[in-house]
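# Coordinate analysis (summary)
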Amino acid sequence: MSTTIGEQRARQGATLTDHRCRICGGELHEVFDLGRQPVSNAFAKPEDADKVPFFRLAVGACTSCTMVQQLDTVPPYEMYRADYPYRASGSLLIRRHFEDVARHIIETCPGGRDGFVVEIGSNDGVMLKTLSEAGMRHLGVDPAASAGEVARSHGVNVRTDFFNAETAADIYSEHGHANLIFSANTFSHISYLDSIFEGVGTLLAPDGLFVFEDRSLADILRHNYFDQIYDEHIYLFSVSSVQAMAAHFGFELVDAEHLPLHGGSIRYTVARRGALEPSPAVEKFVAQEKADGLAEKEEAAFVRFSSDVNRIKTDLVSLLHDIRSEGRRVVGYGATSRSATVLNYCGIGADLLPLVCDSTPEKQGRVTPGSKIPVCPPDAFTDPYPDYALLFAWNHAEEIMAKERLFQEKGGRWILYVPEVHTI
Ligand code: TYD
Ligand code: ZN
């Protein structure tokens with residue numbers, strides 16, 4: 001099977017100079033520009049800090065199918081190297097969420113307990129582990145070799161590969177139809193969705209379901225989550241744009257459900273066209289997005305967003321300057337992918353934020369991409385506590401603030417920058 005044009009273009013890391021939508025070929029108009037940004041998960045050794053690749057981070061909306069997407073494509077091999085450091089299991093909340101997802105799949109998978117489940121972007125096996133323990137047939141597909149090793153050590157079957165039309169055909173010939181294909185926070189990372197849908201078309205059983213979860217554009221705009229825009233998030237999905245995308249590739253969006261994860265996500269359920277009656281939830285979301293100006297007039301929604309984000313930048317930088325001039329200590333908490341956007345957009349370096357602590361061993365001893373701030377293990381936070389902690393991992397705020405209660409009890413203050421800069 002040959003690679004699709006979308007895939008070839010992605011491999012080359014093409015710039016969409018013609019500004020055409022990757023899904024439908026419609027015209028893109030630029031709605032938001034974050035300037036030059038590094039690859040967000042490129043946590044380099046200090047001596048390699050200047051080798052981190054940069055690219056332009058700007059998004060546009062399709063005038064035809066409404067899909068919001070990046071104008072440029074960073075080649076996947078730049079983003080997902082063998083030492084890709086992201087680990088989904090780093091948070092209790094995430095682990096619980098995926099255990100729930102797995103239990104739900106076990107109970108409801110078309111094909112029942114004999115069903116075959118494929119996960120696109122299985123990372124460290126946080127979801128599939130539960131399926132494996134239940135004895136369910138499964139396969140994770142993920143190009144990040146080191147994360148795959150962790151998954152295998154938990155008894156999860158993994159193919160270290162990019163999921164595309166070619167690998168899907170291969171999986172089909174080896175295992176037969178998949179009754180359910182699942183993906184969480186991965187689908188929006190893949191520019192060549194034509195090839196993915198072709199693969200899903202080959203692999204999915206006639207009554208199978210393709211279920212994926214991703215951050216919601218409505219929540220990003222509503223809460224000023226500008227840091228959800230970074231290299232890996234090629235698409236910012238809305239229910240309207242996913243509905244159009246599924247239809248474009250011969251499928252149908254049959255359900256949509258809001259999830260509290262990552263500040264607001266949506267679980268999309270896609271079936272083969274005509275296989276299932278769509279739930280009324282889909283039309284409800286679409287109507288709400290129209291009312292919010294997301295399905296037609298993204299430009300206006302982004303104008304308000306841009307001005308809010310600009311204010312966040314000014315406020316955050318001036319707060320960090322004040323902290324420094326008062327001789328107080330501040331550290332970053334959570335070297336998230338999202339922190340790359342915040343630090344580089346705001347121009348914050350080690351002079352204003354001397355270190356970022358993070359529980360991921362793969363990130364420790366490295367520096368943040370572009371901003372070159374040392375990443376330290378969590379004890380750099382507790383020993384001694386700083387006066388302020390800039391919480392990049394705001395999506396885990398509840399869990400982190402509970403764990404670090406002592407910090408606040410000793411007078412420490414959290415700095416949050418969304419939806420506005422404030423301290424707690
Ligand atoms: P996360 O929000 O999961 O993802 P992303 O990188 O996509 O923005 O990242 C959370 C980061 O925060 C991750 O590097 C682990 C770190 N972290 C801690 O250091 N301590 C914690 O208690 C938690 C929950 C996360
Ligand atoms: Zn389009």
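Heads up: these notes are all about the structure in this document. Please read all numbers here as calculations on a predicted model, not as lab measurements.

Attention shifts here to the sheet that holds strand S1 (residues 28-38). Here we have 4 strands laid out as an open sheet, ordered S1-S2-S3-S9, and antiparallel in their pairing. Bordering the open sheet on either side are S1 and strand S9 (235-236), each of which pairs with just one other strand. Direction of pairing for S1 relative to strand S2 (residues 54-62): antiparallel, over a ladder of 8 bridges. The residue of S2 that forms the bridge with Asp33 is Ala58.

Taken together, 19 residues sit near ligand 1, with Ser337, Arg338, Asp358, Lys363 and Lys403 positioned nearest. Between ligand 1 and Ser359 there is a distance of 2.9 Å, counted from an oxygen atom to a backbone nitrogen or oxygen. Between ligand 1 and His396, the relevant distance is 3.2 Å, taken from an oxygen atom to a side-chain nitrogen or oxygen of the residue. For ligand 1, whose unbound accessible area comes to 560 Å², protein coverage reaches 95%. A class-by-class count of the residues in the shell around ligand 1 yields 6 nonpolar, 8 polar and 5 charged.

Turning our attention to the coordination of the zinc ion (ligand 2). Those protein atoms acting as donors to the zinc ion (ligand 2) are Cys21 (SG), Cys24 (SG), Cys62 (SG) and Cys65 (SG), and they sit at 2.3 Å. Site description for the zinc ion (ligand 2): donor spacing in sequence, C-x2-C-x37-C-x2-C. Of this pair, Cys21 sits in the loop between helix H1 (5-12) and S1 while Cys65 sits in the loop between S2 and strand S3 (68-70), and the two are 44 residues apart along the sequence. Here Cys21 matches Cys65 in class, with each residue buried.

With respect to the helices and strands, the residue His396 is situated in the loop between strand S15 (388-391) and helix H14 (397-403). The class for His396 is buried, based on a relative accessible area of 16%. Side chain to side chain, His396 and Ser91 meet in a polar contact 3.2 Å long. Not counting chain neighbours up to four residues away, the residues in contact with His396 comprise Ser91 and Ile94.

All right, on to the state of the cysteines then. Per the counting criterion, the structure on display carries 0 disulfides. The thiol of Cys346 is not disulfide-bonded; the next cysteine sulfur, from Cys357, is found 19 Å away. Overall, the relative accessible area of 8% leaves Cys346 in the buried class. Here Cys376 is not cross-linked by a disulfide; its sulfur's nearest cysteine counterpart is in Cys357, at 7.8 Å. In this structure Cys376 comes out as buried when scored by relative accessible area, which is 18%.

With that settled, the discussion passes to the packing of helix H6 (residues 165-175) against helix H7 (residues 193-203). Running from N to C, H6 and H7 cross one another at 15°; their axes reach a closest spacing of 7 Å. Taken together, the axes of H6 and H7 are roughly parallel relative to one another. Here H6 runs over H7; the crossing is right-handed. Where H6 approaches H7, its residues Ala165, Ala168, Ala169, Ile171 and Tyr172 are matched on the opposing element by Ser195, Glu198, Gly199, Thr202 and Leu203. Here the contact of H6 with H7 is built from residues that sort into 6 nonpolar, 3 polar and 1 charged.

On to helix H11 (residues 298-325), then. Taking 1.5 Å as the rise per residue, H11 with 28 residues should run 40 Å; its terminal C-alpha atoms sit 40 Å apart, in good agreement. Residues of H11 that are buried include every one of Glu298, Ala301, Phe302, Phe305, Asp308, Val309, Ile312, Leu316, Val317, Leu319, Leu320 and Ile323, and no others. Of the residues flanking the end of H11, it is Gly327, one or two places downstream, whose phi is positive at about 75°.

Okay, the pairing of strand S4 (residues 116-120) next. With 5 of 5 residues buried, S4 lies mostly within the body of the structure. Examined bridge by bridge, S4 and strand S5 (residues 137-141) share 5 bridges and lie parallel to one another. Bridging across to S5, Val118 finds its partner in Leu139. The β-α-β motif built from S4, the intervening helix H4 (residues 128-133) and the parallel element S5 has right-handed crossover chirality. Here 4 bridges tie S4 to strand S7 (residues 178-184), and the two strands are oriented parallel to one another. Opposite Val118, over in S7, you have Ile181 as the bridge partner.

Parameters and conventions
Residues numbered from 1 in each chain as written. Chains lettered and ligands numbered in written order. Predicted model: local features only at pLDDT ≥ 70, side-chain atom pairs only at ≥ 80, totals over all residues. Heavy atoms only, no water. Pairing = 2+ DSSP bridges. Helix = DSSP H or I, 4+ residues; strand = E, 2+ residues; numbered from the N terminus. Near = heavy atom within 4 Å. Polar contact = N/O pair within 3.5 Å; in protein donor to acceptor, adjacent residues only side chain to side chain. Areas by Shrake-Rupley, 256 points an atom, 1.4 Å probe, with all protein chains shown as cover. Nonpolar A, V, L, I, M, F, W, Y, C, P; charged D, E, K, R; others polar. Donors = N, O, S within 2.8 Å, 3.2 Å for Na, K, Ca; no water. Buried < 20%, exposed > 50% of the residue type's maximum accessible area, 1.4 Å probe, protein only. Contact = heavy atoms within 4.5 Å. Disulfide = S-S within 2.5 Å. Axes fitted to C-alpha atoms, helices over the stretch in contact; angles between N-to-C directions. Parallel < 35°, antiparallel > 145°, perpendicular 65-115°, else oblique. Left-handed = near helix turned anticlockwise from the far one by under 90°. Expected span 1.5 Å × (residues − 1). Right-handed = clockwise from strand over helix to strand, strands pointing away.

Just distances and angles here, no functional claims.
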